[in-house]
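Residue-level listing of the chains:
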2 protein chains.
Amino acid sequence: MTHLRVGIAGLGIVGASVYKGLFGQSGFKVTAVSARDKTKNRGIDLGGVAWVDNPIDLASRNDVDVVVEVIGGDGDPSLSLVRQALKNKKAVITANKSLLAHHGIELAKLAEENKVALCCEASVAGGIPIIKILREGLAANEITAVYGILNGTCNYILTTMERTGQSFNDVLDEAQKLGYAEADPSLDVDGGDTGHKLSILTALAFGCRPDFQSLYMIGIRNISAEDIRVADELGFRIKLIGQARREQNGKILQMVTPCLVPKTSPIAHVGGVLNGILMEGHLVGQSFVSGRGAGDTPTASAVLADLIDISRGKSILPFGKSVTELSNASKASFGDWDGIFYIRINVKDRVGVIADISPILRDAGISIESFIQRGRSATEQPVSIIMMTHETNGHNILAAIEKIKELDCVMAEPLVMPVLKI
Amino acid sequence: MTHLRVGIAGLGIVGASVYKGLFGQSGFKVTAVSARDKTKNRGIDLGGVAWVDNPIDLASRNDVDVVVEVIGGDGDPSLSLVRQALKNKKAVITANKSLLAHHGIELAKLAEENKVALCCEASVAGGIPIIKILREGLAANEITAVYGILNGTCNYILTTMERTGQSFNDVLDEAQKLGYAEADPSLDVDGGDTGHKLSILTALAFGCRPDFQSLYMIGIRNISAEDIRVADELGFRIKLIGQARREQNGKILQMVTPCLVPKTSPIAHVGGVLNGILMEGHLVGQSFVSGRGAGDTPTASAVLADLIDISRGKSILPFGKSVTELSNASKASFGDWDGIFYIRINVKDRVGVIADISPILRDAGISIESFIQRGRSATEQPVSIIMMTHETNGHNILAAIEKIKELDCVMAEPLVMPVLKI
């Protein structure tokens, strides 16, 4: 029996876990590895495996059939390695969402031209085979919407804020100390990581070219303990949701924002570092998956599933169809989002604030469903005005916020969150 | 471009929905159909499609590449049709769980010998691509357990009992009037349908031969409104769960029983007619999916996904590996189930009942974690004694129940339910 000969680029926790998973497995053999530090103890025996200093060299080795890229980053060496491997007719498995979000089309085209597999199950929600589910399991469905909790760090922070009543900054500090958040957390908490993953899911769900640039993206830094408490009282949880929807005007909207999710929705129950994705298809209705989205073994599970697909000869084109068949979807902006919004405005606590805000909302065509003002104080301290709108759209909201910001009594950029009906 | 020519056997709601889904689709063409009543109005235009009176004849038509069997039942005509189609080297797609539970090995072998696809995504949890998830998405995992809510009718009944406080019989009556339950509901409420589906999932999860015969099976007829209320107070919901687990002794246990599911588990939130499946794998940990399990379009979605796999040339062997590689798993009985049990005993309300029961439990090595007695009455009316055990196993429970049943004060077969820790 011939083995599939595997070269692994990157021996961090994922790479090492893939290595362990393949160790002694029949049908596969790791022949070469590359990582930054040869002397580091990773708890794996690299005996009999070639060490390659420059990962890009894995692309041209005769003893490698499949390159596993688990280095990360959308630039070199990952980009050159994947490009070169595909050109050299080697199958590639990558866990690199940022690479695919930025260069997915170019790489998918290279894979197609060279008739080799480019697999990326590990790039989104590691332990959940969401790429296979959208590309194959629900292939007959016209997908109308995808809503995902795709970043474990953000979900951990929001879940902890809810449980403890602490502020964002306090929880982030703790998460950094515990190693759950990076020293520079911006890729997570500002929504970029979720955005990378969402742009891949959007391409699969809607058959369009991944387009990270047209994503509307807001992170979770401005969520306060009060927002979470008020949302809870109203029957919602706050989650950072990457959503891709076909709006009423036919355009596809991609958006990463904190959202209010009804507690009756399965996605509201995705806690801690878990990931969860809710899909809506014209045949299946709502379908939901959840599980561990990151970490060594869940990500390795996805890489190994791709390897098994390759060994079975069952790999599908990365976006499910030829790059030439992918549409240039007409992209919607935040303004096109139809629905209900949660708005929090921090104002000076003085008489007449509501009288200032109300006409602006009226003129923008926004009607208010409920209204909460808390924490009134004797002096002119800031207080929050929290509102839930009736059905409206993002254009109206943006127009109103623009004017509300200019009011004398308004002390900070208002916070706007879509309220999901799922 | 050549079309895949499809013959559909059975034009009930699923068959008609598959037909509609394929209508005008490029790449596929329905060439022949068979159903009982040619004159029935199904809201589909059968013009230009051959009508075949005997479905088995679809197996030998030259204008059919793929036979879609959506007739149901584990006997003829389904069995002969699928057998003959495979022998004639036609791919087969079936939604027939009972056929696969009873004849899966024979049919999988025929498919292998004749090098044609036998696909069955629609046989379990229609709208959820659970077969693909287990067979491909989680292929690298050693699965340790699968827990599924696999029957929408039972879940609807239990959810409604919980919501309204009604009895099983009252809810069943209503469900029958609404068309949610069959006139003869036994296949659903006694667990058979769940068992058929579970035996397919067990084969996929553990790489063993499907073995419906060794399933332990209890339905939901004996669940009372009181059970649901007490479970709720203790933090649980009662669900009919098909579970397959590798027990501590290495044996595989397949069991369909009502279970207490902690409200913290995602599977506890699968309400109404929905299905949900929780899997545990050594790499991914817990992974969960939910969605619509039955009905016209969700089931059609699964059949169409199989057709797309076939047209892409990406079908996998039905159980993920060659029949010769499937193990004859060492099967566990109910006695091997390790864990906590819920026990309800209906007794005459007189002094000394506990004194009668306690020594029996002690002698069986069962210790009781909590104990509830409700509805004490002045006369010798029946009351329920409800107990939660500490960790024990099914052997001890069965031994104790055998003796408890013989007590004078015990008025009916005690109810035993496993308490899941998921």
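Residues numbered from 1 in each chain as written. Chains lettered and ligands numbered in written order. Predicted model: local features only at pLDDT ≥ 70, side-chain atom pairs only at ≥ 80, totals over all residues.

Engineer: Please explain the interface of chain B and chain A as it appears in this structure.
Structural biologist: By a widely used convention, the size of an interface equals the accessible area lost when the partners come together. Taken residue by residue, the interface counts 36 residues in chain B and 36 residues in chain A. Listed by contribution, the elements that provide at least two residues to the side of chain B that touches chain A are helix 4 (130-137), strand 12 (285-292) and helix 10 (296-312) of chain B. Split into classes, the residues belonging to the side of chain B that touches chain A amount to 17 nonpolar, 13 polar and six charged. Here strand 12 (residues 285-292) of chain A pairs with strand 12 of chain B via five bridges, running antiparallel. Residue pairing across strands places Gly-291 of chain A opposite Ser-287 of chain B, the latter belonging to strand 12 of chain B. (Contact = placed C-beta atoms within 7 Å. Helix = DSSP H or I, 4+ residues; strand = E, 2+ residues; numbered from the N terminus. Nonpolar A, V, L, I, M, F, W, Y, C, P; charged D, E, K, R; others polar. Pairing = 2+ DSSP bridges.)

Engineer: For this particular structure, what's the right way to read the packing of helix 3 (residues 97-113) of chain A against helix 8 (residues 192-206) of chain A?
Structural biologist: The axes of two packed helices give the description: the angle between them and the distance between them. All names here are of chain A. Where helix 3 contacts helix 8, the axes come no closer than 8 Å and their chain directions differ by 55°. Judged by the angle between their axes, helix 3 and helix 8 are oblique. As for the relative orientation of helix 3 and helix 8, their crossing is left-handed in sense. Along the contact surface, helix 3 presents Lys-97, Ser-98, Leu-100, Ala-101 and Gly-104, while helix 8 presents His-196, Lys-197, Ser-199, Ile-200 and Ala-203. Tallied by class, residues from the contact of helix 3 with helix 8 come to four nonpolar, four polar and two charged. (Axes fitted to C-alpha atoms, helices over the stretch in contact; angles between N-to-C directions. Parallel < 35°, antiparallel > 145°, perpendicular 65-115°, else oblique. Left-handed = near helix turned anticlockwise from the far one by under 90°.)

Engineer: In this structure, what is going on with unusual backbone geometry? I would like to understand it.
Structural biologist: Phi is mostly negative for residues that are not glycine, and the peptide bonds are mostly trans. Residue and element names in this part refer to chain A. Cis geometry is found at the peptide bond from Asp-76 to Pro-77, where omega equals 5°. Secondary-structure assignment places Pro-77 in the loop between strand 4 (66-69) and helix 2 (78-87). Notably, Ala-125 is not glycine yet its phi reads approximately 50°, a positive angle. If you trace the backbone, Ala-125 turns up in the loop between strand 6 (118-119) and helix 4 (130-137). The exposure class of Ala-125 is buried, given the 32 C-beta atoms found within 10 Å. (Buried ≥ 20, exposed ≤ 12 C-beta atoms within 10 Å, placed from the backbone.)

Engineer: Which parts of the structure should I look at to understand helix 6 (residues 168-178) of chain B?
Structural biologist: Since one α-helical turn is 3.6 residues long, residues separated by three or four positions face the same way. All names here are of chain B. Looking at helix 6, one finds that the buried residues are Phe-168, Val-171, Leu-172 and Ala-175. Buried positions in helix 6, seen along its axis, are confined to an arc of 100° and lie on one side of it. Facing away from the buried side of helix 6 by over 90 degrees, the exposed positions are Asn-169 and Lys-177. Of the surrounding elements, those touching the buried residues of helix 6 are helix 5 (152-164). In the segment just after helix 6, Gly-179 is the residue with positive phi, at about 80°. (Arc of directions from axis to C-beta.)

Engineer: How should I be thinking about the domain arrangement of chain A in this particular structure?
Structural biologist: All names here are of chain A. If you check the domain split of chain A, you get domain 1 (4-119), domain 2 (130-293 + 328-332) and domain 3 (338-419). If you average the C-alpha positions of domain 2 and of domain 3, the two centres end up 25 Å apart. With 11 residues of domain 2 at the contact, the number on the domain 3 side is 12 residues. Counting only elements with at least two residues in the side of domain 2 that touches domain 3, the list comes to helix 9 (225-233) and strand 10 (252-262). (Domains from an automatic or database assignment.)

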